Amino acid sequence: MNYKILIIIISIFFLVSCEQNNINKKIVNQKTFDKYKNSGFALIYSANLKKGKKITKKIDNRSLLIFHKNLRKNSFVKITNPKNQKTLIAEVISNNVQFSDFYNCVITARIAEELSLDFNEPFIDLVLISEYSTFVAKKAKTFDEEKKVAEKVPVDGIQIDNLGEINQQKKETIKKEIFSYSIKIADFYYKDSAKNMSNRIINETNIKNPLIKTISNTKYRVLLGPFNDIKKLEDSFNEIKSLDFENIEILKDV
């Protein structure tokens, strides 16, 4: 066989293999993206956050929009308040915003109020809704209409109404639960794998007491905590983020 022809065949085979690998990676990434969910604290937007440089962009506090660092712009998510099971659908307006990694997203005051979140402890469950969901298609049609209505409402009016709702919310949450949360690092099929992760945390961070919880015979969870103070929780969260773990979650201890 001609030497040049052989080189061409090998080159074509190499390019096809690379392209197939890229396709496989895209499929895996898409599956991961479609299954995204996270439990943790939301950052409730206010103008003071922007003034204090705690966040790099503004958001309309009258909207059902959120900032999220990992999800695509225009994705839809279901946000749930686990304390009362109130749920709503919000849209990711941007994933190019800087804010503390401790928070799993930035939500508006409207979202916080509709979910009756505790403004001092805004813990939420966030789940990505598949782009193929018929519910998303229907919900998307209503967003422009909601936006037009919101734009006609004076900001001052919204703020006055919000104060009333917040005061009512405080009355409803007089019986406060004890603050107790843990940081979920990951779940493992084998206990040895969980032990290896625990040892890595001890060796590479200042955290010396990770826990391994047996969920089942094939599920071992590595945890930090529990924490009864949000500052200690945030400090430990930021410490563990230095190891670049994916999708660290904060779990409410029951």
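Residue numbers restart at each chain and count upward from 1, following the sequence in its written direction. Residues qualify for local features only when their pLDDT is at least 70, as the model is predicted, and side-chain atom pairs are given and counted only at 80 or more; totals for whole chains, interfaces and linings, by contrast, use all residues. Water and hydrogen atoms play no part in the side-chain values, which are based on all heavy atoms of the structure.

Novice: Explain the sheet that holds strand β9 (residues 219-227) to me, please; I cannot follow it from the model alone.
Specialist: Here, a strand pair is defined by DSSP locating no fewer than two bridges between the strands. Per the convention used, a helix needs a DSSP run of H or I reaching at least four residues, while a strand needs a run of E reaching at least two, with both numbered from the N terminus. Ordered in space as β8-β9-β7-β10, the four strands form an open sheet in which the pairing is antiparallel. Bordering the open sheet on either side are β8 (211-216) and β10 (249-252), each of which pairs with just one other strand. Within this sheet the neighbouring strands show an average axis-to-axis angle of 40 degrees, counted without direction. Sheet topology places β8 next to β9; five bridges connect them, and they run antiparallel. By the bridge assignment, isoleucine 212 is partnered in β9 with valine 222. Here, residues are in contact when the closest pair of their heavy atoms is within 4.5 Å. Simply put, an axis is a line fit to the C-alpha atoms, just over the touching stretch for a helix, and the angle between two N-to-C directions goes from 0 to 180 degrees. On the sheet, helix α7 (residues 230-241) packs against β7 (181-188), β9 and β10 and is oriented at approximately 30 degrees with respect to β7.

Novice: What am I meant to see in the environment of serine 236 here?
Specialist: Tracing the backbone shows serine 236 in helix α7. Of the residues examined, serine 236 reaches a relative accessible area of 14% and is grouped as buried. In the structure, serine 236 is positioned 53 residues away from isoleucine 183 in sequence and 8.4 Å away in space, judged by C-alpha atoms. A simple rule labels every residue: compare its accessible area, found with a 1.4 Å probe on the protein chains alone, to the largest value its type can have, and call it buried under 20%, exposed over 50%, or partly exposed in between.

Novice: I keep staring at the pattern of salt bridges and nothing clicks. Help me out?
Specialist: Close approach of charged atoms allows side chains of opposite charge to pair. Salt bridge, as applied in this entry: a Lys or Arg side-chain nitrogen positioned within 4 Å of an Asp or Glu carboxyl oxygen. Under the defined criterion, the tally for this structure stands at 11 salt bridges. The salt bridge partner of arginine 110 is glutamate 114, with a shortest N-O separation of 2.9 Å. You can see arginine 110 and its partner glutamate 114 sitting in helix α3 (residues 109-114), four residues apart, about one turn around the helix. Looking at glutamate 114, the relative accessible area reads 40%, which means it is partly exposed. Residue lysine 231 pairs with aspartate 235 through a salt bridge whose shortest N-O separation is 3.0 Å. With lysine 231 and aspartate 235 both in helix α7, this residue pair falls four residues apart, about one helical turn. One salt-bridge network, held together by shared partners, links Lys184, Asp187, Lys219, Arg221 and Glu249.

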